[in-house]
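Examining the three-dimensional arrangement
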Amino acid sequence: MRQAGRILPEYRKVRESAGDFKTLVTTPELATEVTIQPVDILGVDAAIIFSDILVIPEAMGLTYEMEEKKGPVFPKVIQSAADIHNLRIAQAEDLQYVLDAIKLTKAELNGRVPLIGFAGAPWTIFSYMIEGGGSKTFSKAKKMLYTNPALAHQLLDKITQSTINYLKGQIVAGADLLQIFDSWAGILSPEQYDEFSLRYIRKICEAIDEVPVTVFAKGAFFARETMNLLPCKVVGLDWNMDIQESIKMLPNKVLQGNLDPCALYGTLDDVRRETKRMLDAFGTHPHIANLGHGLYPDTEVDKVKCFIDTVKEYSVTSKLK
Ligand code: CP3
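Being a predicted model, the structure only gives us computed values, none of them experimental.

To continue, consider the UniProt feature "binding site: substrate" (unreviewed entry) in the protein. The UniProt record marks Arg2, Gln3, Ala4, Gly5, Arg6, Asp52, Tyr128, Ser183 and His293 with the feature "binding site: substrate" (unreviewed entry), using the residue numbering of this structure. On the basis of their most widely separated C-alpha atoms, the annotated residues across 292 residues do not gather in one place, lying as much as 23.8 Å apart. Position of arginine 2 among the secondary structure elements: in the segment before α1 (9-18). Residues contacting arginine 2, with those up to four places away along its chain left out, are Ile48 and Gly294. Among the structural elements, aspartate 52 can be located in the loop between β1 (47-48) and α4 (55-60).

Right, dumping it as structure tokens:
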């Protein structure tokens, strides 16, 4: 569950004392502390390293700022061939602070639960580097795909190489599993998604055979059959993707997801019912119970705990039946 930690008062306390989000991300001791909080307090059975997908553009030469209540912003964006030429290909050492946080977290977890490393998919990182932040239409990023596809491929290629170097570093540092987040998959047409996103996700999956890889492409319901052929072990689903249909389209994959994070706004009984409904729908197909996207910051802690407890209890009792 991405951002499971930030609903916790314990997280907000550490974040306040750090001063800002980036200090938290770049200080391994603090990143370790907030990575482990959801394991101790909520009882999740895996940890995800506290960082952000935007550390990659920063390591390539494009710094980001995290604005309160607004999200990430890039003061400078990519507009020309010269801008792309000036970007570095990131090396794992450029992100030493993340690698140190992984090492420290692994040591502190001491085998209690596995640690998930991650990166953004090249297409999602590309969108941020061109748009300079979130967007409703992503028209600037998409404009380049239509007007200068060769240039778009140059940038996607540099991001992909940087991401592979970074993920390899995460494996050496101790990540047990890697997840690739393609948050803006849903704004492309199926043809564009093949050409400008899946092609690069495939390259990343091909480069990584040391640990299992999860690919989560938000909104890419149209790409599920193609994703069944990716060399990755797990595919993440969002709540727009019907579970039975997804099992048919992705028979080769362990599936992860996919409860709507808004389902946790219901009563405890609602949460239990919706969670069981999800677990029943996955049936005996290999499944990693999760939400279909990150938690919203105003979700109540006891609802999240109820989701986790229901998964643990119901998975055991329904298996015994
Ligand atoms: O879940 C975790 O705590 C693990 C670390 C993690 C963060 N971001 C920390 C974070 C992970 C895996 C991410 C991934 C990420 N970051 C994605 C891909 C996944 C997705 O949600 O689609 C994206 C698109 C980003 C970029 C980003 N970072 C946005 C758009 C925002 C602001 C919007 C929001 O949801 O608040 C962030 C901020 C961010 N990254 C927070 C955290 C814990 C919230 C900061 C805070 O409130 O303290």
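Here the focus is the site of the ligand. Neighbouring the ligand are 23 residues; Arg2, Gln3, Gly71, Phe181 and Ser183 lie closest to it. Its residues assigned to classes, the shell around the ligand comprises 10 nonpolar, eight polar and five charged.

Before going further, it helps to examine the packing of helix α6 (residues 96-109) against helix α9 (residues 149-173). Where α6 meets α9, the closest approach of the two axes is 9 Å, and the angle between their N-to-C directions is 25 degrees. By the angle class used here, α6 and α9 are roughly parallel. Remark: the crossing between α6 and α9 carries right-handed chirality. Here Leu99, Ile102 and Lys103 of α6 come into contact with α9, specifically with Gly169, Gln170 and Ala173. Considered class by class, the residues forming the contact of α6 with α9 number three nonpolar, two polar and one charged.

Moving on: the environment of serine 315. Note that serine 315 resides in helix α14 (residues 301-320). In sequence terms serine 315 and cysteine 205 are 110 residues apart; their C-alpha atoms lie 30 Å from each other.

Asparagine 258 follows glycine 257 through a cis peptide bond whose omega is -10 degrees. Tracing the backbone through its elements, the reader meets asparagine 258 in strand β8 (residues 254-259). In the Ramachandran plot, phenylalanine 138 falls in the positive-phi region, its phi being about 55 degrees despite a non-glycine side chain. Turning to its location among the elements, phenylalanine 138 is positioned in the loop between α7 (122-131) and α8 (139-147).

Analysis parameters
- Residues numbered from 1 in each chain as written.
- Predicted model: local features only at pLDDT ≥ 70, side-chain atom pairs only at ≥ 80, totals over all residues.
- UniProt positions renumbered as here; feature names shortened; annotations may be inferred.
- Helix = DSSP H or I, 4+ residues; strand = E, 2+ residues; numbered from the N terminus.
- Contact = placed C-beta atoms within 7 Å.
- Near = placed C-beta within 6 Å.
- Nonpolar A, V, L, I, M, F, W, Y, C, P; charged D, E, K, R; others polar.
- Axes fitted to C-alpha atoms, helices over the stretch in contact; angles between N-to-C directions.
- Parallel < 35°, antiparallel > 145°, perpendicular 65-115°, else oblique.
- Left-handed = near helix turned anticlockwise from the far one by under 90°.

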